Amino acid sequence: NQPCSIALIDLDWFKKINDTFGHPAGDEALRTFAITMFANIRGIDKFGRYGGEEFLLIMPETTQAAAIKTVDRLREIVGGLDWAAISPSMSVTISVGVSSLRANDTSDTILGRADKALYQAKERGRNRVLAA
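Now for a look at the structure at hand.

**Observations regarding the sheet that holds strand E5 (residues 129–131)**
Inference 1: One open sheet accounts for five strands, arranged E2-E3-E1-E4-E5; its pairing is mixed. The open sheet has two edge strands with one neighbour each: strand E2 (46–51) and E5. Averaged over all neighbouring strand pairs, the angle between strand axes comes to 20 degrees, with direction disregarded.
Inference 2: Note that strand E1 (residues 4–11) and strand E3 (residues 54–60) share seven bridges and pair antiparallel. Counted as the bridge partner of Asp 10 is Glu 54 from E3.
Inference 3: Packed onto the sheet, helix H2 (residues 23–39) meets E1, E2, E3 and strand E4 (94–100) and runs at close to 155 degrees relative to E2.

Printed below as a string of structure tokens:
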């Protein structure tokens, strides 16, 4: 009976980062992103790589409105990092799809809604957070 929200997070244009700056710079960008996320989430939150350049953030005890606010703050932090420290002129932004647990949800249904919201965020120009 507690709220729970998830966020699917995608590093925008990651293939372009690898192609432009090289795979070692892309790997360092992934590490920097992950370290930044871990430094800015709560101890009860769970964060990990979901596949490729996609990541999953699970936020127990978090309503959808609170999740959107939290993830938008994280989006601003990531976008504001000094990515040029990895490679000159590098910048990284993220797109995020948020979904909250509903009665009778399965992992597939909540992830499906978050994935659809993520796709819409990317379709609408990236560097944004959208909720299912």
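Once the structure has been displayed, the description carries forward.
**Observations regarding the packing of H2 against helix H3 (residues 64–80)**
Inference 1: Between H2 and H3, whose axes approach to 11 Å, the crossing angle comes to 140 degrees. For the element pair H2 / H3, the angle class is oblique. Here H2 runs over H3; the crossing is right-handed. Note on element contacts: H3 touches H2 through Leu 74, Ile 77 and Val 78, opposite Phe 33, Thr 36 and Met 37.
Inference 2: Per-class residue counts for the contact of H2 with H3 are five nonpolar, one polar and no charged.

**A few points about the pairing of E4**
Inference 1: For E4, the tally of buried residues reaches seven of seven residues, placing the bulk of the element in the interior.
Inference 2: Residue alternation in E4 divides its side chains into two sets, Ile 94, Val 96, Val 98 and Ser 100 and Ser 95, Gly 97 and Ser 99, and both sets are buried.
Inference 3: Direction of pairing for E1 relative to E4: antiparallel, over a ladder of seven bridges. By the bridge assignment for E4, Ala 7 is matched with Val 98.
Inference 4: Bridge count between E4 and E5: three bridges; the pairing is parallel.

Criteria and thresholds
Residues numbered from 1 in each chain as written. Predicted model: local features only at pLDDT ≥ 70, side-chain atom pairs only at ≥ 80, totals over all residues. Heavy atoms only, no water. Pairing = 2+ DSSP bridges. Helix = DSSP H or I, 4+ residues; strand = E, 2+ residues; numbered from the N terminus. Axes fitted to C-alpha atoms, helices over the stretch in contact; angles between N-to-C directions. Contact = heavy atoms within 4.5 Å. Parallel < 35°, antiparallel > 145°, perpendicular 65-115°, else oblique. Left-handed = near helix turned anticlockwise from the far one by under 90°. Nonpolar A, V, L, I, M, F, W, Y, C, P; charged D, E, K, R; others polar. Buried < 20%, exposed > 50% of the residue type's maximum accessible area, 1.4 Å probe, protein only.

Purely geometric stuff here, so don't read any function into it on its own.
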